[in-house]
Number of protein chains: 2
Amino acid sequence: MADVKLLGLWYSPFSHRVEWALKIKGVQYEFIEQDLQNKSPLLLESNPVHKKIPVLIHNGKPICESSVIVEYIDETFEGPFILPKDPYDRAIARFWHKFFDDKMGAVVNTFLHKGEEQEKGKEEVCEMLKILDNELKDKKFFVADKFGYADMAANFVGYWLGVFQEASGVELVRSENFPNFCAWRDVYVNCSQVKEYLPPRNDLLAFIQASASKA
Amino acid sequence: MADVKLLGLWYSPFSHRVEWALKIKGVQYEFIEQDLQNKSPLLLESNPVHKKIPVLIHNGKPICESSVIVEYIDETFEGPFILPKDPYDRAIARFWHKFFDDKMGAVVNTFLHKGEEQEKGKEEVCEMLKILDNELKDKKFFVADKFGYADMAANFVGYWLGVFQEASGVELVRSENFPNFCAWRDVYVNCSQVKEYLPPRNDLLAFIQASASKA
């Protein structure tokens, strides 16, 4: 049997993308929760460049960056395909995955920082929501009507963003402003892939509230 | 014959990654130089999300983001493979490609901006060079001893960085500080894939100097 370890954090959307991929493929794995205040020697030696989670260790070989890990899992293990088969659809899925990766910083700035960084973050998040609202007219999933690579990366706007919003009191997403995005999100949080694989909302909310009160 | 158009800029390292991929595959294409001060309707409708180059238009369908376009070209056209075949090697190639994409902002801040942004950029570029210097001990290419996906993304540190440095007078790369990186770069700029495909250094230098004097 393959030896698969995942170094991650239970509350990280990036970790959850990888867990999703492993679960979809039916791969057995050991989840090793990390402590970012006291990084483990295994994390430091497995990801010496970024020293960040998630890291997948497959038969002793580390792979870093959630976008890269999910593609690796898709190419390496049997089971349902995560990326579409058609090269053009694959490109669209990768485009949106990268879009979400690139916007993560703005979300963090908006909900976890203050002052100028927060204001710049808010602007960028609103711009992102406008783009998504336009894209998600009559769309349930990002590519080819099937849950996959882009939807996995959408987890932090589909799920985490609402929790961040509730924890921080900063309210950017209102259905009157972004009706298509909100309609998509309501379907997203209730679809089986999301309900089955993501951490319970209450646990996430309590954790983010507790972290914010310590900051 | 496939109808392939590339919306790009002759001086952009991102455009050149795509041109490289098309040339390696032997694909005939029409290069349509863009004007960023006056964006063309074709660019705006082909990349409504980012409104940026490069955009590949293949049989009327647009693909955006150089990292995504190069994978699309590799999966769509016949010819030598750009990404390695082995899934682990592919993951490493994607990891480095993403690394370079993520560092581009710091390079731009260092050489094209001033003040606090420049200082933060310099720190990040030096950190990047340290990582690369460590990675490139005894390495000619990033993955599996073969020029490919990661090396294409390395074009802006292997080629553009030196030109930026000369044009701006900001000198960060010295062989006494980063000997492995400099040894790699000297091989890089002289390897046939680079010499054949990248724009003449003097043209690039004159262009960047002229742009800086207008800023």
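These figures come from a predicted structure and were not determined experimentally.

### Comments concerning helix α4 (residues 87-112) of chain A
All names here are of chain A.
Next, step 1: Given a rise of 1.5 Å per residue, 26 residues ought to cover 38 Å, and the 38 Å separating the end C-alpha atoms of α4 matches this to within 8%.
Next, step 2: Taking the largest bend as the criterion, α4 deviates by roughly 35 degrees, centred on K103.
Next, step 3: For α4, the N-terminal cap is D86; the gap from its side-chain oxygen to the backbone nitrogen of Y88 is 3.0 Å.

### Comments concerning the UniProt feature "domain: GST N-terminal" (unreviewed entry) in chain A
Next, step 1: Feature annotation in UniProt assigns "domain: GST N-terminal" (unreviewed entry) to the following positions: residues 2-81 of chain A.
Next, step 2: Counting secondary structure, residues 2-81 of chain A comes out at 38% helix and 21% strand; the distance between its end C-alpha atoms is 19 Å.

### Let's talk about the side chain of S15(B)
Next, step 1: Along the chain, S15(B) falls in helix α1 (residues 13-25).
Next, step 2: Ignoring sequence-local partners within four residues, the contact set of S15(B) consists of L6(B), G8(B), L9(B), I53(B) and P54(B).

### As for unusual backbone geometry
Next, step 1: Between I53(A) and the following residue, P54(A), the backbone shows a cis peptide bond with an omega angle of -5 degrees.
Next, step 2: Within the secondary structure layout, P54(A) lies in the loop between α2 (41-46) and β3 (55-58).
Next, step 3: Despite not being glycine, D145(B) has its phi angle at roughly 55 degrees, a positive value.
Next, step 4: In this fold, D145(B) is placed in the loop between α5 (115-135) and α6 (149-153).
Next, step 5: On the accessibility criterion, D145(B) (68% relative accessible area) is exposed.

Cut-offs and rules
- Residues numbered from 1 in each chain as written.
- Chains lettered and ligands numbered in written order.
- Predicted model: local features only at pLDDT ≥ 70, side-chain atom pairs only at ≥ 80, totals over all residues.
- Heavy atoms only, no water.
- Helix = DSSP H or I, 4+ residues; strand = E, 2+ residues; numbered from the N terminus.
- Expected span 1.5 Å × (residues − 1).
- Bend = angle between axes of the 7 residues up to and from the residue.
- Polar contact = N/O pair within 3.5 Å; in protein donor to acceptor, adjacent residues only side chain to side chain.
- UniProt positions renumbered as here; feature names shortened; annotations may be inferred.
- Contact = heavy atoms within 4.5 Å.
- Buried < 20%, exposed > 50% of the residue type's maximum accessible area, 1.4 Å probe, protein only.

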